[in-house]
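Descriptive structure summary
Chain residues, written in single-letter form:
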Amino acid sequence: MMKIFFSVLFTLSTYFSFAQVHWITINEALEAQKKVPKKIFIAFTDDHCDPCQKMEKFAFDNPVIAKMIADKFYAVKFFADSKEKVNFRGRDFEYKDNATMHSFAKYMNISTVPTIVFLDEHATPITSLMGALSAKDVEPYFSMISTQDYKNITSRQQWDDYQRKFKSKIKD
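What counts, and at which threshold
- Residues numbered from 1 in each chain as written.
- Predicted model: local features only at pLDDT ≥ 70, side-chain atom pairs only at ≥ 80, totals over all residues.
- Heavy atoms only, no water.
- Helix = DSSP H or I, 4+ residues; strand = E, 2+ residues; numbered from the N terminus.
- Buried < 20%, exposed > 50% of the residue type's maximum accessible area, 1.4 Å probe, protein only.
- Contact = heavy atoms within 4.5 Å.
- Areas by Shrake-Rupley, 256 points an atom, 1.4 Å probe, with all protein chains shown as cover.
- pLDDT = per-residue confidence, 0-100.
- Disulfide = S-S within 2.5 Å.

Structural notes on the overall build of the protein
Along the backbone of the protein there are seven helices and seven strands. Across the protein, helices and strands are ordered from the amino to the carboxyl terminus as α-β-α-β-α-α-β-β-β-α-β-β-α-α. Split into buried and exposed, the 172 residues of the protein put 40% on the buried side. Taking contacts inside the protein between residues at least 6 apart in sequence as the whole, the part at least 24 apart equals 63%. On the protein, roughly 10700 Å² of surface is accessible, and the fraction owed to carbon and sulfur atoms is 55%.

Here's the deal with the confidence of the model for the protein
Summing up the model confidence of the protein, the mean pLDDT is 90 and the portion of residues at 70 or higher is 90%. Low pLDDT, under 50, characterises residues 4–17; the predicted model gives this stretch one contact beyond four residues in sequence or across chains.

A closer look at the state of the cysteines
Taken as a whole, this structure holds one disulfide when the rule is applied. There is a disulfide in this structure between cysteine 49 and cysteine 52, and the S-S distance comes to 2.2 Å. In this structure, the disulfide formed by cysteine 49 and cysteine 52 twists by about 75° around the S-S bond and is classed as right-handed.

Some details on the environment of methionine 68
Here methionine 68 is to be found in helix 4 (residues 63–72). In this structure the C-alpha to C-alpha distance between methionine 68 and serine 146, which are 78 residues apart in sequence, comes to 7.6 Å. Among residues more than four places away in sequence, those in contact with methionine 68 are Phe73, Glu139, Phe142, Ser143 and Ser146.

And the structure:
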């Protein structure tokens with residue numbers, strides 16, 4: 001019996017310690033959203049961005065964050081210099097030669113990577129976060145947005161109260 005218990009425990013701990021986000025393109029997320037409405041989380045990144053890679057590994061692949069993403073969001077990794085053609089809200093976007101950033105990234109007001117943008121079930125922007133953040137930094141945002149609590153936060157004071165009361169599920 002103990003052998004089975006430890007076998008199950010080992011399997012679960014292995015599964016959760018290697019949690020990874022299933023990334024799709026923005027076009028795939030927008031199509032999926034038509035069939036099964038979920039929020040979209042876009043991680044704007046770049047191949048040569050060390051903080052972006054660290055954030056993916058230590059924030060998004062954290063088991064608590066990865067589970068929230070898998071359960072409540074379509075996860076999009078969008079490269080700022082992507083050649084992908086994007087149709088967003090009836091507009092076409094693409095990378096222009098000699099541009100520093102894809103026109104979709106510019107449209108979303110991305111000035112630096114890493115930047116996270118959250119979209120609601122209708123692809124309307126909710127908020128964005130700039131800079132390299134830890135799992136503990138992003139957890140309140142993923143929680144607030146996935147539970148719809150963001151709709152009740154309309155002032156800085158309410159946000160401060162939310163953060164103060166927030167109980168992290170991430171172990172140090």
